[in-house]
Amino acid sequence: SHSMYPPELVAPMRTELIQAGVRSLESTDDVDGALKSAGTTMVVVNSVCGCAAANARPGALMSLDHGTKPDNVVTVFAGVDRDAVDRARSYFTGYMPSSPSIALMKDGECVFMLQRHEIEGRDPADIARALTGAFDTHCS
């Protein structure tokens with residue numbers, strides 16, 4: 001699929017997430033498999049540029065230190081894996097597409113969404129707090 005960004009720009013970001021146990025979804029099949037699955041799945045829609053993107057990743061990773069957390073954590077990269085991102089967004093019913101954004105899926109339904117405007121201007125700790133609040137509500 002066509003990428004707007006050179007892969008070497010994304011590689012370190014992807015690696016940082018994969019090392020933390022986040023699965024990178026690069027095809028529509030990957031996305032369907034992950035987002036339809038039972039249980040809870042956090043989906044980090046990464047964007048490559050901008051300070052919101054720079055805070056979304058560490059915020060998402062920090063949230064995983066919480067006692068209660070999603071069964072699965074996955075990521076798609078906007079501007080890179082375009083088909084995968086479009087497919088992921090098709091699950092986020094009622095939300096405008098924005099990146100970065102972080103969704104929480106439960107049994108195939110989107111139960112929580114941090115949109116770009118809720119990520120911008122917040123530090124990673126703030127973002128993590130918003131996410132862990134959602135984990136406490138939706139993840140057992």
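Residues numbered from 1 in each chain as written. Predicted model: local features only at pLDDT ≥ 70, side-chain atom pairs only at ≥ 80, totals over all residues. Heavy atoms only, no water.

## Brief notes about the nonpolar core
So, point 1. Membership of the largest hydrophobic core comes to 25 residues, with the highest contact counts inside it found for M42, F77, I102, L104, L114, I119 and L131.
So, point 2. Among the elements of the structure, α1 (7–19), β2 (40–46), α3 (51–63), β3 (72–77), β4 (101–106), β5 (109–114) and α6 (124–138) are those that each provide at least two residues to this core.
So, point 3. In this structure, I102 is in contact with M42, V43, V44, A56, A60, F112, M113, L114, I119, I127 and L131, ignoring residues within four places of it in sequence.
So, point 4. In terms of nonpolar packing, the next biggest core, distinct from the first, is built from 17 residues, L35, V45, A78 and F92 among them. (Core = buried A, V, L, I, M, F, W, Y, C linked by side-chain atoms within 4.5 Å. Buried < 20%, exposed > 50% of the residue type's maximum accessible area, 1.4 Å probe, protein only. Helix = DSSP H or I, 4+ residues; strand = E, 2+ residues; numbered from the N terminus. Contact = heavy atoms within 4.5 Å.)

## Concerning α3
So, point 1. The terminal C-alpha atoms of α3 lie 18 Å apart, and with 13 residues this matches the ideal 18 Å at 1.5 Å per residue to within 8%.
So, point 2. Contact partners of the buried residues in α3: α1, β2, β4, α5 (116–119) and α6. (Expected span 1.5 Å × (residues − 1).)

## Considering the environment of T132
So, point 1. Locating T132 in the fold gives a position in helix α6.
So, point 2. Using a relative accessible area of 13% as the deciding quantity, one classes T132 as buried.
So, point 3. Beyond its immediate sequence surroundings of up to four residues, T132 is in contact with S63 and H66.
So, point 4. In terms of polar contacts, T132 uses its side chain to reach the backbone carbonyl oxygen of R129, at 3.2 Å. (Polar contact = N/O pair within 3.5 Å; in protein donor to acceptor, adjacent residues only side chain to side chain.)

## Considerations on the side chain of S99
So, point 1. Structurally, the position occupied by S99 is in the loop between α4 (82–89) and β4.
So, point 2. Accessibility expressed as a relative area gives 14% for S99, which makes it buried.
So, point 3. Ignoring anything within four residues of it in the chain, the contact list for S99 reads V45, N46, S47, A78, R89 and R116.

## What about the pattern of salt bridges?
So, point 1. Taken as a whole, this structure holds seven salt bridges when the rule is applied.
So, point 2. Among the ionic pairs, E26 bridges to R14, the shortest N-O distance being 3.5 Å. Of this pair, E26 sits in the loop between β1 (23–24) and α2 (28–35) while R14 sits in helix α1, and the two are twelve residues apart along the sequence.
So, point 3. Overall, the relative accessible area of 42% leaves E26 in the partly exposed class.
So, point 4. As a salt-bridge pair, R57 and E16 come within 3.4 Å of each other at their nearest N and O atoms. In this pair, R57 sits in helix α3 while E16 sits in helix α1, placing the two residues 41 residues apart along the sequence.
So, point 5. Via salt bridges that share partners, R14, E26 and D81 belong to a single interconnected network. (Salt bridge = Lys/Arg side-chain N within 4 Å of Asp/Glu carboxyl O.)

## Brief notes about unusual backbone geometry
So, point 1. Of note, the bond from S99 into P100 is cis; its omega dihedral lies within 30 degrees of zero at 0°.
So, point 2. Tracing the sequence through the fold places P100 in the loop between α4 and β4.

## Observations regarding the sheet that holds β2
So, point 1. Pairing is mixed across the open sheet formed by five strands, whose spatial order is β1-β3-β2-β4-β5. Strands at the two margins of the open sheet, each flanked by one partner only, are β1 and β5.
So, point 2. Direction of pairing for β2 relative to β4: antiparallel, over a ladder of six bridges. Counted as the bridge partner of T40 is K106 from β4.
So, point 3. The strands that α1 touches are β1, β2 and β3; relative to β3, the one it contacts most, it runs at about 175°.
So, point 4. Contacts between α6 and the sheet are confined to β2, β4 and β5, with β5 contributing the most and set at about 155° to the helix. (Pairing = 2+ DSSP bridges. Axes fitted to C-alpha atoms, helices over the stretch in contact; angles between N-to-C directions.)

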